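Chain residues, written in single-letter form:
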Amino acid sequence: MKDLIIIGSGPAGVSAALTAKRRNLDFLWFGNKNLSPKVEVAHRIDNYPGLTRVTGLEMNHIFKEQIKTEKLEIIGKMVNQIMKMGDHFMVSAGSDVYEAKSIILASGVMMGKFMTGEKELAGKGVSYCATCDGMFYRDKEIAVICENKEFEEEVLFLANIAKKVYLFVNYESRLQKDNIELHREKPYEVKGENKATAVVYKVMETGEERVLDIEGVFVLRDSINPNTLLKGLEMDEGHIVVDRLQATSVDGVFAAGDCTGRPYQYAKAVGEGNVAIYGVTQYLNRN
Ligand code: FAD
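Description of the structure in this document. (Residues numbered from 1 in each chain as written. Predicted model: local features only at pLDDT ≥ 70, side-chain atom pairs only at ≥ 80, totals over all residues. Heavy atoms only, no water.)

With that settled, consider the site of the ligand. Near the ligand there are 31 residues, and of these Leu35, Ser36, Val79, Asp258 and Tyr266 occur at the shortest range. Leu35 places a polar main-chain atom, nitrogen or oxygen, 2.6 Å from an oxygen atom of the ligand. Within the backbone of Asp222, one N or O atom sits 3.3 Å away from a nitrogen atom of the ligand. In isolation the ligand exposes 1000 Å². Once the protein is present, 87% of that is buried. Within the residue set of the shell around the ligand, elements represented by two or more residues are helix 1 (11–22), helix 2 (37–40) and helix 8 (266–286). (Near = heavy atom within 4 Å. Polar contact = N/O pair within 3.5 Å; in protein donor to acceptor, adjacent residues only side chain to side chain. Areas by Shrake-Rupley, 256 points an atom, 1.4 Å probe, with all protein chains shown as cover. Helix = DSSP H or I, 4+ residues; strand = E, 2+ residues; numbered from the N terminus.)

What follows is the structure in structure tokens.
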């Protein structure tokens, strides 16, 4: 049983992890070993104190060096579910489960939009976790929407189970397997009454709308809707509602960074990550 689990490896998660170490907390840290795609892609950053006109790649490199110096370890797995169990939490990532007394959500916000019907059909044929739900689709035809090359291992895992995988990617992919059909289009709708039965996309060359019948949809992206991760979180227009100590509506759960709302900025994310640890230590002392 850990004191804390931090979810997210962008500036908010990095700041929380550095401060948690200073506070001697016994914690686990989940995220992307490359930290944050949103840091890497920034062309030039002029508004972060202490760094003059750095590129996103340079900033990411500095964060990585600091993490290495502090001997912090990121567990490179996506967290797909958090459950409150009385006075502690169970966190599942891949096929493993971890326990902690408190949680910091520093998971950023999703770039782009949900597909029409996606939220309504989440858990009803729309899944975000290949290892958790893959087995339900043995010998079935599924769509996999993969938004980051790093998740291709999960795509292969699914292709080893399913009869056919219609793979939709927004980057150059070299994945090859007999039962994988690669598409460069982006589906914009999931259809189905109580269960996902089709995805809809426009054929790139002709613009023609195509409805593809499937038996399940896996969405593999960098960020999972906080509500899907943890039931009962109070949200406001897609952001997690927090108080001045970054505490959410669920006792023991704190949130920091873009996921709590605008402005979407590094300095704000880093500041909130720091405050969240203050909130966590107060919470742990009380309980
Ligand atoms: P993110 O940086 O989004 O990091 C979240 C991390 O959590 C990601 O690595 C993600 O993979 C991980 N994660 C999410 N869900 C899970 C899960 N379930 N399990 C495990 N890991 C998970 N801001 C500025 O201040 N100045 C700028 O010049 C600037 N330029 C920008 C340029 C671009 C092109 C973009 C896109 C953004 C820019 N920003 C800028 C905004 C800045 O990038 C964000 O405000 C900042 O990255 C937010 O940090 P965060 O830690 O909240 O989230």
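What follows covers helix 6 (residues 152–159). Buried within helix 6 are the following residues: Glu152, Val155, Leu158 and Ala159. Mapping the buried residues of helix 6 onto a view down its axis gives an arc of 110°, with all of them on the same face. Residues of helix 6 that are buried make contact with helix 5 (130–133), strand 7 (141–146), strand 8 (164–169), strand 9 (180–183) and strand 13 (216–220). (Buried < 20%, exposed > 50% of the residue type's maximum accessible area, 1.4 Å probe, protein only. Arc of directions from axis to C-beta. Contact = heavy atoms within 4.5 Å.)

Moving on, we come to the side chain of Ser15. Looking at the element boundaries, Ser15 is found in helix 1. Separated by 2.7 Å, the side chain of Ser15 and the backbone oxygen of Val270 make a polar contact. In this view, Ser15 contacts Val270, Gly273 and Asn274; residues no more than four positions away in its chain are not counted.

Moving on, we come to the pattern of salt bridges. Using the criterion set out here, one finds 15 salt bridges in the structure. For Lys2, the salt bridge is made with Asp26, and the minimal N-O distance between the two is 3.1 Å. Here Lys2, found in strand 1 (residues 2–7), pairs with Asp26, found in the loop between helix 1 and strand 2 (27–30); they are 24 residues apart in sequence, far enough to count as distant. The partly exposed category is assigned to Lys2, whose relative accessible area is 26%. As a salt-bridge pair, Glu147 and Lys186 come within 3.5 Å of each other at their nearest N and O atoms. Of the two residues, Glu147 is situated in the loop between strand 7 and helix 6 and Lys186 in the loop between strand 9 and strand 10 (189–191); the sequence distance between them amounts to 39 residues. Residue classification places Glu147 among the partly exposed residues on the basis of a relative accessible area of 22%. Here Lys186 falls in the partly exposed class, since its relative accessible area comes to 47%. Residues joined by salt bridges that share partners form a network here, namely Glu118, Glu147, Lys186 and Arg221. (Salt bridge = Lys/Arg side-chain N within 4 Å of Asp/Glu carboxyl O.)

Given a rise of 1.5 Å per residue, twelve residues ought to cover 16 Å, and the 17 Å separating the end C-alpha atoms of helix 1 matches this to within 8%. In terms of residue burial, helix 1 counts as a mostly covered element, since ten of its twelve residues are buried. On its buried side, helix 1 packs onto strand 1, strand 2, helix 2, helix 3 (56–69), strand 5 (96–105) and helix 8. Of the residues one or two after helix 1, Asn24 is the one with positive phi, at around 60°. (Expected span 1.5 Å × (residues − 1).)

Neither face of strand 2 is open: one carries Phe27 and Trp29, the other Leu28 and Phe30, and all of them are buried. Relative to strand 2, strand 1 runs parallel, the two sharing four bridges. Following the sheet pairing, Ile5 is matched in strand 2 by Leu28. Taken together, strand 1, helix 1 and strand 2 constitute a β-α-β crossover, and its handedness is right-handed. (Pairing = 2+ DSSP bridges. Right-handed = clockwise from strand over helix to strand, strands pointing away.)

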